[in-house]
Amino acid sequence: MVKDLTVGRPESVLWRFCLPLFGSVVFQQLYNIADSLVAGKFVGENALAAVGNSYEITLIFIAFAFGCNIGCSVIASQLFGAKKYNDMKTAIYTALISSGVLCAMLMLGGLLLGGQLLQLIHTPENILADSKLYLDIYIWGLPFMFFYNIANGIFSALGDSKTPFVFLALSSTSNIAVDILFVTVLKMGIAGVAWATFLCQGVSCVLAMIVVFRRLAGIHTEGNLDVFSWKLFKKIAVIAVPSILQQSFVSVGNIIIQSVINSFGAGVIAGYSAAIKLNNLVITSFTTLGNGISNYTAQNLGAKKPDRIREGMRAGIKMVWSLCVPLVLLYLLAGKMLLLLFMNQDSVTALATGNQFLRIVAPFYFVVSVKLVADGILRGAGMMKQFMIATFADLILRVALSIVFSKVIGLGPVGIWLSWPVGWTSGMLLSVLFYRKSPWMKKMNKEKNSF
């Protein structure tokens, strides 16, 4: 189950490695989709709005977990590619310890300040109590979410994308069943939705960590191992902190956008909540494929095989575009039918809002997918400064234009949706430019021109 990504035809290697990652993220997104689906169908439109409203704040916590995942995964991948197994294990233990401390701090801050955050984004009074209840239960489950993400990063560093897929397939499908049981049979309302996620993610986390430690025990090392290294911690932080900052600022930007959306009422909030779950299913899928390309890049740089990275970029674009075609067609032609999974026909405003969002945004998946492939290479190569510049350009434009288009120009909610394509396009151009200006690309171009 441990795979070396530095040998074999790059396109075949990436397809075999990344497809299980894609399947994993689909099941991962089923957690949030299931919560919104059950809340909207069996509790009501306000419950759907509450889950969606809280979701934007939970993305901050996910940003920290994602950053820890990437930091651990990239450094462990580089050490694995270089066959430095002692240092690799120490890096993994260091990441687990530091992530645990960070998680405890976030839990304390979230429990103390969650209500203020919900008020800060102008949460309507009729969904405030449900939003706070869902958010509090979610925060209690942060250790499961954190350590499960670290486990995924470790599996990816070792070239294993199948094990996390199996765990997620089982836990996410179980989550749907438990969601329905808690809400329809036990009548627990929105609390049932949150506790179902807590329970299923907890079981998945424990099982994943057991397998991780067994897998590490099977990798031969010599001498005594350090369980913590400040030197490796700094290397992990160089990758993790920019990723955390990037994802956190994206989350803050989304919260600002959510506050603008909240001014248009519960119907628009509910429609956006459903549509953004469908959108995030696609974006998170591409991001996860980008993470796989990060592992591929890191292993090949560790093995001093930079020439394989350019082939990986081409293979990555082919892969994401082959996924774009059916997803774009699905959202354009069957968007309303998908939205009806979350709500009923009488939710007229919510249905119109969600469908409008999908029709504007979906065609630009071809653009943002290229950005996320290039971002994966930048992260795997440790080019975090360039990665952050491209991401912030996208975010700043989306936040600023959502306010200008909707409020200043007076386009209303449609103005918010129009900001997505502009931000994605600018970010993509920058990410591709930074990739082409990378040290190994310059070296290969120089060698090519010398013949």
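Look a little higher up for the structure.
Reading guide: rules and limits
- Residues numbered from 1 in each chain as written.
- Predicted model: local features only at pLDDT ≥ 70, side-chain atom pairs only at ≥ 80, totals over all residues.
- Heavy atoms only, no water.
- Helix = DSSP H or I, 4+ residues; strand = E, 2+ residues; numbered from the N terminus.
- Rg over C-alpha atoms; globule rule 2.2 N^0.38 Å.
- Contact = heavy atoms within 4.5 Å.
- Areas by Shrake-Rupley, 256 points an atom, 1.4 Å probe, with all protein chains shown as cover.
- Lys, Arg positive; Asp, Glu negative; His and termini not counted.
- Charge placed at Lys NZ, Arg CZ, Asp CG, Glu CD.
- Axes fitted to C-alpha atoms, helices over the stretch in contact; angles between N-to-C directions.
- Parallel < 35°, antiparallel > 145°, perpendicular 65-115°, else oblique.
- Left-handed = near helix turned anticlockwise from the far one by under 90°.
- Salt bridge = Lys/Arg side-chain N within 4 Å of Asp/Glu carboxyl O.
- 1 Å grid on protein atoms, 1.4 Å probe; cavity = no way out; pocket = protein on both sides within 12 Å on 5 of 7 lines; lining within 4 Å.
- Points joined across faces, edges and corners; volume = space filled by probe spheres on them.
- Nonpolar A, V, L, I, M, F, W, Y, C, P; charged D, E, K, R; others polar.
- Patch = residues over 30% accessible without salt bridge, like charges linked within 9 Å, V, L, I, M, F, W, Y side chains within 5 Å.
- Phe/Tyr/Trp six-rings, centres within 6.5 Å; stacked < 30°, edge-to-face > 60°.
- Lys NZ or Arg CZ within 6 Å of the ring centre and 35° of its normal.
- Core = buried A, V, L, I, M, F, W, Y, C linked by side-chain atoms within 4.5 Å.
- Buried < 20%, exposed > 50% of the residue type's maximum accessible area, 1.4 Å probe, protein only.

1. Observations regarding the overall build of the protein
When helices and strands are tallied, the protein shows 15 helices and 0 strands. What you see for the protein is a C-alpha radius of gyration of 21 Å, in line with the 22 Å of a compact globule of 451 residues. Principal-axis analysis of the C-alpha atoms gives the protein an extent of 65 × 50 × 35 Å. When contacts within the protein are restricted to residue pairs at least 6 apart in sequence, long-range pairs at least 24 apart make up 84% of them. Of the roughly 17,700 Å² that the protein leaves accessible, carbon and sulfur atoms contribute 68%. Once the 35 positive and 19 negative side-chain charges of the protein are each reduced to a mean point, those two points are 10 Å apart.

2. Here's the deal with the packing of helix α3 (residues 85-120) against helix α4 (residues 125-140)
One can describe the packing of α3 onto α4 by two numbers: an axis separation of 10 Å at closest approach and a directional angle of 160 degrees. On the basis of their axis angle, the class for α3 and α4 is roughly antiparallel. Regarding α3 and α4, the two cross each other, and that crossing is right-handed. In contact with Met 107, Gly 110, Leu 111, Gly 114, Gly 115, Leu 118 and Gln 119 of α3, α4 contributes Leu 128, Ser 131, Lys 132, Leu 135, Asp 136, Ile 139 and Trp 140.

3. Here we look at the pattern of salt bridges
Inspection of every chain in the model, using the stated rule, returns 6 salt bridges. Note that Lys 318 and Glu 11 form a salt bridge whose closest N and O atoms lie 3.7 Å from each other. Note that Lys 318 is positioned in helix α10 (residues 307-339) and Glu 11 in helix α1 (residues 10-43), a separation of 307 residues in sequence. Ionic pairing is found between Lys 132 and Asp 136, a salt bridge with its closest N-O pair at 2.6 Å.

4. Comments concerning the layout of surface pockets
By volume, the largest pocket amounts to about 260 Å³. Lining the largest pocket are 14 residues, and of these Cys 68, Leu 102, Phe 233, Ala 240 and Ile 244 lie nearest its centre. Secondary structure elements with two or more residues in the lining of the largest pocket: α2 (45-81), α3 and α8 (230-262). Broken down by element, the residue count for the lining of the largest pocket peaks at 7 residues, all from α8. Looking at the lining of the largest pocket residue by residue, the classes come out as 12 nonpolar, 2 polar and no charged.

5. A look at a nonpolar patch on the surface
A cluster of nonpolar side chains, contributed by Leu 181, Val 185, Leu 186, Met 188 and Trp 195, occupies part of the molecular surface with about 440 Å² of accessible area. With respect to the element layout, Leu 186 can be found in the loop between α6 (162-185) and α7 (189-217).

6. Considering a positive patch on the surface
On the surface, Lys 84, Lys 231, Lys 235 and Lys 304 cluster together into a patch of positive charge. Relative to the assigned elements, Lys 231 resides in helix α8.

7. Some remarks on the packing of aromatic side chains
Considering all chains together, one arrives at 14 aromatic pairs under this definition. An angle of 75 degrees between the planes, with centres 5.2 Å apart, marks the rings of Trp 195 and Phe 198 as edge-to-face. With Trp 195 and Phe 198 both in helix α7, this residue pair falls 3 residues apart, about one helical turn. Ring geometry for Tyr 365 against Trp 424: centres 6.0 Å apart, planes inclined by 40 degrees, an arrangement best described as tilted. Taken together, the residues Tyr 365 in helix α12 (residues 365-380) and Trp 424 in helix α14 (residues 413-436) connect sequence positions 59 residues apart. Taken together, Tyr 272, Phe 357, Trp 417 and Trp 420 form an aromatic cluster joined through their ring pairs. Over the ring of Phe 264 we find Lys 407; its NZ or CZ atom is 4.7 Å from the centre of that ring.

8. Some points on empty space enclosed by the protein
Here the structure, examined in full by the defined rule, presents 2 cavities of 30 Å³ or more. Its boundaries defined by the atoms lining it, the second largest cavity holds a volume of some 80 Å³. For the lining of the second largest cavity, the secondary structure elements donating two or more residues are α4, α5 (142-157) and α7. Considering every element that reaches the lining of the second largest cavity, the biggest residue donor is α7, with 4 residues. Looking at the lining of the second largest cavity residue by residue, the classes come out as 6 nonpolar, 3 polar and no charged.

9. Comments concerning the nonpolar core
By size, the foremost hydrophobic cluster in this structure holds 77 residues, and its most contacted members are Ile 261, Phe 286, Tyr 331, Phe 357, Tyr 365, Trp 417 and Trp 420. Discounting residues that sit within four places of it in the chain, Phe 286 has contacts with Val 320, Leu 323, Cys 324, Tyr 365, Ser 369 and Leu 372. Membership of the second largest hydrophobic core comes to 61 residues, among which are Ala 65, Ile 139, Phe 167 and Cys 205.

10. Things to note about the packing of helix α9 (residues 266-302) against α10
Where α9 meets α10, the closest approach of the two axes is 11 Å, and the angle between their N-to-C directions is 170 degrees. Taken together, the axis directions place α9 and α10 in an arrangement best described as roughly antiparallel. Looking at the contact of α9 with α10, its residues break down into 18 nonpolar, 5 polar and 1 charged.

11. Things to note about unusual backbone geometry
Even without being glycine, Lys 83 reaches a positive phi, approximately 65 degrees. By relative accessible area, Lys 83 is classed as partly exposed at 46%. In this structure, Lys 187 is a non-glycine residue whose phi angle is positive, near 55 degrees. If you trace the backbone, Lys 187 turns up in the loop between α6 and α7. For Lys 187, a relative accessible area of 66% puts it in the exposed group.

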